[in-house]
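A structural walkthrough
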Amino acid sequence: MDKTAIVGVAQTKYERRKKDQIFADLVFDVTRAALDDAGLALDDIDSVVTVSNDFFDGRTISGMSVGDASGGQDKNISTVSGDGAFGAFYGLMRVLSGYQATIVVAHYKGSEGDVKITTNGMFDPIFHRHLGIDAISAAALQANAYMHRYGIQEEEFAEVSVKNHGNAKNNPYAQLPMDITVADVMKSRKIAEPLKLLDCGPVSDGAAAVIIANEKIAARTKKKPVWIRGVAHCCEGYLLGDRDLASPVALAEAAKKAYAMAGIKNPTKEIDVAEVLEPYSYMEPLWLEGLGFCKPGEGGKQIGRGITTMGGKLPVNPSGGALSANPILVGGLARLIEAALQVRGEAGARQVKKVETALAHGFNGPCGQSHCVWIVGGKK
Amino acid sequence: MGRRVAIVGTGQTYHKSHRPDVTSREMIYEAVTAALADADLTIRDIDAIVIGNMDHFESINYVDAYSVEGSGAFMKPIMKVSTGGTTGATVAIAAYYHVASGLFDRVLAIGFEKNSESDTTGAIITCSDAIWDRFSYSGAIPSLATEATAYMEKYGATQEDAALVGERDRNHALNNPYAHLQRPLTVADIMASPMLAYPIKLGDICPRSDGACAVVLAADGIAQKIASRPAWFKAAAVRHTYTWFGDSTDYNQGLVSMQRASKDAYRQAGIRNPVEELDVAELYLPYTWAGLKWIEDIGFCGPGEAARFVGDRNTHMGGKLPVNPSGGVISTNCIGATALLRVAEAAIQVMGKGGKRQVPDVKNALATGFGGCFWSDVVILGSERP
């Protein structure tokens, strides 16, 4: 793989409702900010990838609303319908195919949709949809399967929420910085057994942008380039009943490929910080298992052992993660931006010490059906 | 610079107005198995998959996740790309970058639509801005009717001139066993068909179809081993120029996106005189006037000359530059697959697999996509490794 780098990043602050901005306004802001961050002009960008979804936007051809705002009006532009980590993957492939710099933008306004209806649309229209299943109730099934398999208690999941909302206090972009305790999570309102309100990410509005460039452009950008060392994605079966929900096999496969590309043999030793997409608390430990950071069933013990907390051996979600700001689709791109900021040493109060290599992750589909894993680093 | 890439296999369903016998997942499976058989590959040979449609036609969110059992993406990378009518072309182009990037050797591109499960206009109308565009000027037919009227006014083209495009494509469809509408139409039939929005009549416009298309792409070195005559990518150009329908209404400028995309594509492919150097074109012409006005924007003839160019049968089978040997969009329109069908049909022509619709000795074939807010994509395929 030719050398490519993340040379510009930008995010909006994530909020419950951005009443004064339409999709194009959000995307315009992050496009301009990412260009400024990179020290590039719009003319330096020769390819554009937007990320959106017709269901969430309530618009068919949802990419159309942000073509102007992303600077794509006379450029090769396309739209990935899915998580931003996948959009960035397409952006990378364009640079590897000969474009010099691709900007990848993602937007989401949870305030303008009903996520129960839009995520009910993920399920089989004949056999499952009429049961009322949606992203949250499917996640609850997965949490139950995971707990049952390994004898996990709900408190282990609650610790993730406590950690990530606490980390969010260091992140100016986060929506829900909070000082909470395990007891607060346990007594919060039940959403879908075993998930309680504080086990679930909020409804969020926001946008993010990343500029991926070739070596030549990276040599003249304003900030230290964050080199792309490995990336891969993988999808497993569709019907929940066909899947082992307690074993994220597609994530394990994507991670294996990404590590191989990056030359990583021992992820826990060689990766300094991880940003994983966890709109539900149980997902963080489950994904840590899929990523090979610990043995199956031990994901929830990593906080207690002081491994994934700030100052631990492998801090996970210093940003506060999706539990603290949950703009769907933007989520994976935000994880990649946070990983890049960590490598740059520009993560402010949430900075992890001496980050050489960082991992970012996003997923598509119910209960993490399709995962994308990124490894980025400071060394070329 | 990226690797060279070729199409080595294509597959499509027998397109119909209704496929109540299958789900869209099963329809995808039909196209995928046909494409794999055409390339003499199995799903195990495929490294990655790109899929596209328009969500609101089937009302399935995350079709990349939903379609796995049909697409064959189980434990493989799959990505969804969706850009409206241009979806099929952007899927083909995304698959092209998958291979050109060096990350994947054999990639499957899939487009599908089951329009029978939707209210097509009800879904399309939501593409435009909810406050400014949606209530005044939206959906497919009104904007095209305005464009046609402006073209007639400017160049004096007649409704009969446009109807000849429909007669041509509907006749070509008789050579294509996969085409949805297999009943020929004459200029007189089209003129007598019911008016939808002046000057567009029922015979002037595309149907809505159920169908799927799949294309297998492979990298240089591998493609030659799979296919005896691979269809090499010589150009892939995209211009999705407008966001607002209000910006697209200066029809005197022509179809700006097509002018820019084709110019870019000819530059990539080193083509100076398209009519001389191209042997066949599969154009996304959703209505008959597009077969006049847009072939001017793509440089097949000068401004205002299209009625004569088409009238002289240059674009009929056996003409100088046959357009839509497959019968085109006016005969078959499963929207998310439509532009991919153009690319697949161009590849079929280069590979010499066109059967009754084959144009003799095709070296260069051009395919287009159209959609969104007057957007255009152009792909040029050739028999010679670039």
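Right above here is the structure, for reference.
This one's a predicted model, so the numbers in the text were calculated from it and none came from an experiment.

Cut-off values and rules
- Residues numbered from 1 in each chain as written.
- Chains lettered and ligands numbered in written order.
- Predicted model: local features only at pLDDT ≥ 70, side-chain atom pairs only at ≥ 80, totals over all residues.
- Heavy atoms only, no water.
- Helix = DSSP H or I, 4+ residues; strand = E, 2+ residues; numbered from the N terminus.
- Rg over C-alpha atoms; globule rule 2.2 N^0.38 Å.
- Buried < 20%, exposed > 50% of the residue type's maximum accessible area, 1.4 Å probe, protein only.
- Contact = heavy atoms within 4.5 Å.
- Areas by Shrake-Rupley, 256 points an atom, 1.4 Å probe, with all protein chains shown as cover.
- Lys, Arg positive; Asp, Glu negative; His and termini not counted.
- Charge placed at Lys NZ, Arg CZ, Asp CG, Glu CD.
- Phe/Tyr/Trp six-rings, centres within 6.5 Å; stacked < 30°, edge-to-face > 60°.
- Expected span 1.5 Å × (residues − 1).
- Arc of directions from axis to C-beta.
- Pairing = 2+ DSSP bridges.
- Salt bridge = Lys/Arg side-chain N within 4 Å of Asp/Glu carboxyl O.
- Axes fitted to C-alpha atoms, helices over the stretch in contact; angles between N-to-C directions.
- Left-handed = near helix turned anticlockwise from the far one by under 90°.
- Nonpolar A, V, L, I, M, F, W, Y, C, P; charged D, E, K, R; others polar.
- Polar contact = N/O pair within 3.5 Å; in protein donor to acceptor, adjacent residues only side chain to side chain.

1. Concerning the overall build of chain A
Within chain A one finds 13 helices and eleven strands. The C-alpha radius of gyration computed for chain A amounts to 19 Å, which stays within 12% of the reference 21 Å derived for 380 residues, consistent with globular compactness. Reported as C-alpha extents along the three principal axes, the dimensions of chain A are approximately 55 × 45 × 35 Å. Looking at chain A residue by residue over its 380 residues, the buried ones come to 67%. Relative to all contacts within chain A whose residues are 6 or more apart in sequence, the contacts with residues 24 or more apart total 77%. Carbon and sulfur atoms provide 53% of the accessible area of chain A, an area that totals close to 12500 Å².

2. Comments concerning the overall build of chain B
Helix and strand content of chain B: 16 helices and eleven strands. Relative to the globule expectation of 21 Å for 386 residues, the C-alpha radius of gyration of chain B, 19 Å, shows essentially globular dimensions. By its C-alpha atoms, chain B is 55 × 45 × 40 Å across when sized along the principal axes. The contacts of chain B with a sequence gap of at least 6 include a subset with a gap of at least 24, amounting to 78%. For chain B, the exposed area adds up to about 12400 Å²; of that, 52% sits on carbon and sulfur atoms. When the 35 positive and 42 negative side-chain charges of chain B are each reduced to one mean point, those points stand 5 Å apart.

3. Overview of helix 11 (residues 283-290) of chain A
Residues and elements named next belong to chain A. The element helix 11 is extensively covered by neighbouring structure, given that eight of its eight residues are classed as buried. Taken together, the buried positions of helix 11 are occupied by Met-283, Glu-284, Pro-285, Leu-286, Trp-287, Leu-288, Glu-289 and Gly-290. Elements in contact with the buried residues of helix 11: helix 5 (135-150), helix 6 (154-167), helix 9 (249-262), strand 10 (357-364) and strand 11 (370-377). Following helix 11 by one or two positions, Gly-292 has its phi on the positive side, about 80 degrees.

4. Examining the packing of aromatic side chains
Residue and element names in this part refer to chain B. The final tally for this structure, using the stated rule, is 20 aromatic pairs over all chains. Taking 4.2 Å as the distance between ring centres and 35 degrees as the angle between the ring planes, the aromatic pair formed by Trp-294 and Phe-370 counts as tilted. One end of the pair, Trp-294, is in helix 13 (residues 290-297); the other, Phe-370, is in strand 10 (residues 364-371), with 76 residues separating them in the sequence. Take Trp-294 and Phe-370: they sit in the same class, and that class is buried. When its relative accessible area of 9% is taken as the criterion, Phe-370 is described as buried. Through pairs of rings, three or more aromatic residues link up here, namely Tyr-284, Tyr-287, Trp-289, Trp-294, Phe-370 and Phe-374.

5. Comments concerning the side chain of B:Ser383
With respect to the helices and strands, the residue B:Ser383 is situated in the segment after strand 11 (375-382). Beyond its immediate chain neighbours, meaning those up to four positions away, B:Ser383 contacts B:Arg229, B:Pro230, B:Trp232, B:Val350, B:Val362 and B:Lys363.

6. What about helix 1 (residues 24-39) of chain B?
Residue and element names in this part refer to chain B. In a regular helix each residue adds 1.5 Å, so 16 residues correspond to 22 Å; helix 1 covers 23 Å between its end C-alpha atoms and thus fits that length. Here helix 1 has its buried residues at Ser-24, Arg-25, Met-27, Ile-28, Ala-31, Val-32, Ala-35, Leu-36 and Ala-39. The arc that holds every buried residue of helix 1, seen down its axis, measures 165 degrees, which confines them to one face. Once helix 1 ends, the next one or two residues include Asp-40, with phi positive near 55 degrees.

7. Observations regarding the pairing of strand 7 (residues 210-219) of chain B
Residues and elements named next belong to chain B. Of all the ten residues making up strand 7, ten are buried; the element is thus mostly covered by neighbouring parts of the structure. Burial of strand 7 is two-sided: the residues Asp-210, Ala-212, Ala-214, Val-216 and Ala-218 facing one way and the residues Gly-211, Cys-213, Val-215, Leu-217 and Ala-219 facing the other way are all buried. Summarising the sheet, strand 1 (residues 5-12) and strand 7 pair through seven bridges and their orientation is antiparallel. Paired with Ala-6 across the two strands is Ala-218, which belongs to strand 7. Inspection of the sheet shows strand 4 (residues 106-114) paired to strand 7 by nine bridges, in the antiparallel sense. Residue pairing in the sheet places Glu-113 in a bridge with Gly-211 of strand 7.

8. What about the pattern of salt bridges?
Considering all chains together, one arrives at 44 salt bridges over all chains under this definition. In this structure, B:Asp169 and B:Arg168 form a salt bridge, with 2.9 Å as the shortest nitrogen-oxygen distance. The pair B:Asp169 / B:Arg168 is uniform in exposure class, with both members buried. Bridged by salt links that share partners, the residues A:Asp74, B:Arg239, B:Arg260, B:Asp264 and B:Arg267 form one connected network.

9. Describing the packing of helix 3 (residues 84-96) of chain A against helix 5 (residues 87-100) of chain B
It is the contact of helix 3 of chain A with helix 5 of chain B, at a shortest axis distance of 8 Å, that shows an interaxial angle of 65 degrees. As helix 3 of chain A packs across helix 5 of chain B, the resulting crossing turns out to be left-handed. Residues A:Tyr90, A:Met93, A:Arg94 and A:Leu96 of helix 3 of chain A touch helix 5 of chain B, and the partners they reach there are B:Thr90, B:Ile93, B:Ala94, B:Tyr97, B:His98 and B:Ala100. Looking at side-chain class alone, the contact of helix 3 of chain A with helix 5 of chain B contains seven nonpolar, two polar and one charged residues.

10. Side note on the environment of A:Glu236
With respect to the helices and strands, A:Glu236 occurs in the loop between strand 8 (226-235) and helix 9. Through-space distance from the C-alpha of A:Glu236 to that of A:Ile212 is 28 Å; in sequence the pair is 24 residues apart. Here A:Glu236 is in contact with A:Arg243, A:Ser247, A:Val249, A:Ala250, A:Gly368, A:Gln369, B:Val68, B:Phe74 and B:Met75, once residues within four sequence places are set aside. Looking at A:Glu236, its side chain comes within polar contact range of the side chain of A:Arg243, at 3.4 Å.

11. Concerning the sheet that holds strand 8 of chain A
Residue and element names in this part refer to chain A. Taken together, the nine strands give an open sheet; going across it, the order is 3-2-4-7-1-8-11-10-9, and neighbouring strands pair in mixed fashion. Strand pairing shows two members of the sheet lacking a second neighbour, strand 3 (76-80) and strand 9 (273-275), which therefore form its edges. Strand-to-strand, the axes of this sheet are offset by a mean angle of 25 degrees, without reference to chain direction. The sheet contacts of helix 1 (residues 23-38) involve strand 1 (4-11), strand 4 (101-109) and strand 7 (205-214), and relative to strand 1 the element is tilted by about 130 degrees. Set on the sheet, helix 3 makes contact with strand 1, strand 2 (47-51), strand 3, strand 4, strand 7, strand 8, strand 10 and strand 11; between it and strand 11 the angle comes to about 60 degrees.

12. Some details on the sheet that holds strand 11 of chain B
Residues and elements named next belong to chain B. Here we have nine strands laid out as an open sheet, ordered 3-2-4-7-1-8-11-10-9, and mixed in their pairing. With one partner strand each, in any of the chains shown, strand 3 (78-80) and strand 9 (280-282) form the two edges of the open sheet. Adjacent strand axes in the sheet meet at a mean angle of 25 degrees, parallel and antiparallel pairs treated alike. Against the sheet, helix 5 contacts strand 1, strand 2 (48-52), strand 3, strand 4, strand 7, strand 8 (231-239), strand 10 and strand 11, and its axis sits at roughly 165 degrees relative to strand 2. Contacting strand 8, strand 10 and strand 11, helix 11 (residues 256-269) crosses the sheet at an angle of about 145 degrees to strand 8.

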